[in-house]
Amino acid sequence: AFGKADDAIQYRQGAFQIIKAHFGALQPVVKGQIAYDQAAVLANVQILDQVAKLPWKAFGPGTEGGDARDDIWLDEEGFKAAQKKFLDSLVPLTAAAQAGNLDDLKKAFANTGASCKACHDSFRD
Ligand code: ASC
């Protein structure tokens, strides 16, 4: 799928940047710093949910580099489990965004953020 390791690294870093932007856009909402706009939140979460599917196939064999720790390839099961935690966390996040429930959104946001951090702590330099 990727011609060179650098292509895979750029692809996954680009996907994570989009993920960061659309997850980060929720932060002022859950912190109460901006008004809760259900449609805007849902649009953000839907993009996040789609783009969240993308980076993983760009961690194939021979694509070591970027900020990726070798543990990604040494502990494939652990990395897979960390991905799954993140992807699974988006189910309640999406449900809360669809329901327009700000309390549930706050809880789901915190869980998703925890899954980001846990994976970074183990697998990102
Ligand atoms: C973000 C972001 C992360 C997570 C993490 C949550 O907005 O870029 O990596 O949240 O910091 O603890």
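Draft legend 1. Focus on the packing of helix H1 (residues 5-24) against helix H3 (residues 38-51). It is at 9 Å that the axes of H1 and H3 come closest, and there the two elements cross at 155 degrees. As judged from the angle between their axes, H1 and H3 are roughly antiparallel. At the point where H1 passes H3, the crossing takes the left-handed sense. When H1 is examined against H3, the residues Ala15, Ile18, Ile19, His22 and Phe23 are found in contact with a partner set consisting of Asn44, Ile47, Leu48 and Val51. For the contact of H1 with H3, the class distribution of residues is seven nonpolar, two polar and no charged.

Draft legend 2. Looking closely at the nonpolar core. Within the largest apolar cluster, 29 residues are counted, with the highest numbers of intra-cluster contacts made by Leu26, Val41, Phe59, Ile72, Phe79, Leu93 and Leu105. A per-element tally of this core places helix H5 (residues 76-99) first, with seven residues. If near-sequence neighbours (up to four positions away) are discounted, Leu26 is found in contact with Val41, Asn44, Val45, Leu93 and Phe109.

Draft legend 3. Local environment of the site of the ligand. Around the ligand sit Lys20, Phe23, Gly113, Cys116, Lys117 and His120, and that is every residue in its neighbourhood. Between the ligand and Lys20 there is a distance of 3.2 Å, counted from an oxygen atom to a side-chain nitrogen or oxygen. His120 is positioned such that a nitrogen or oxygen atom in its side chain is 3.4 Å from an oxygen atom of the ligand. For the ligand, the accessible surface in isolation is 310 Å², of which the surrounding protein chains cover 64%. Elements with a minimum of two residues in the shell around the ligand: H1 and helix H6 (102-123). No other element matches the four residues that H6 contributes to the shell around the ligand.

Draft legend 4. Structural context of the packing of H3 against H5. Where H3 meets H5, the closest approach of the two axes is 8 Å, and the angle between their N-to-C directions is 155 degrees. Relative to H5, the element H3 lies roughly antiparallel. Crossing angle aside, the handedness with which H3 passes H5 is left-handed. For the pair H3 and H5, the contacting residues are Gln38, Val41, Leu42, Val45, Gln46, Leu48 and Asp49 in the first and Leu90, Leu93, Thr94, Ala97, Gln98 and Ala99 in the second. Class assignment for the residues of the contact of H3 with H5 results in eight nonpolar, four polar and one charged.

Criteria and cut-off values
Residues numbered from 1 in each chain as written. Predicted model: local features only at pLDDT ≥ 70, side-chain atom pairs only at ≥ 80, totals over all residues. Heavy atoms only, no water. Axes fitted to C-alpha atoms, helices over the stretch in contact; angles between N-to-C directions. Helix = DSSP H or I, 4+ residues; strand = E, 2+ residues; numbered from the N terminus. Parallel < 35°, antiparallel > 145°, perpendicular 65-115°, else oblique. Left-handed = near helix turned anticlockwise from the far one by under 90°. Contact = heavy atoms within 4.5 Å. Nonpolar A, V, L, I, M, F, W, Y, C, P; charged D, E, K, R; others polar. Core = buried A, V, L, I, M, F, W, Y, C linked by side-chain atoms within 4.5 Å. Buried < 20%, exposed > 50% of the residue type's maximum accessible area, 1.4 Å probe, protein only. Near = heavy atom within 4 Å. Polar contact = N/O pair within 3.5 Å; in protein donor to acceptor, adjacent residues only side chain to side chain. Areas by Shrake-Rupley, 256 points an atom, 1.4 Å probe, with all protein chains shown as cover.

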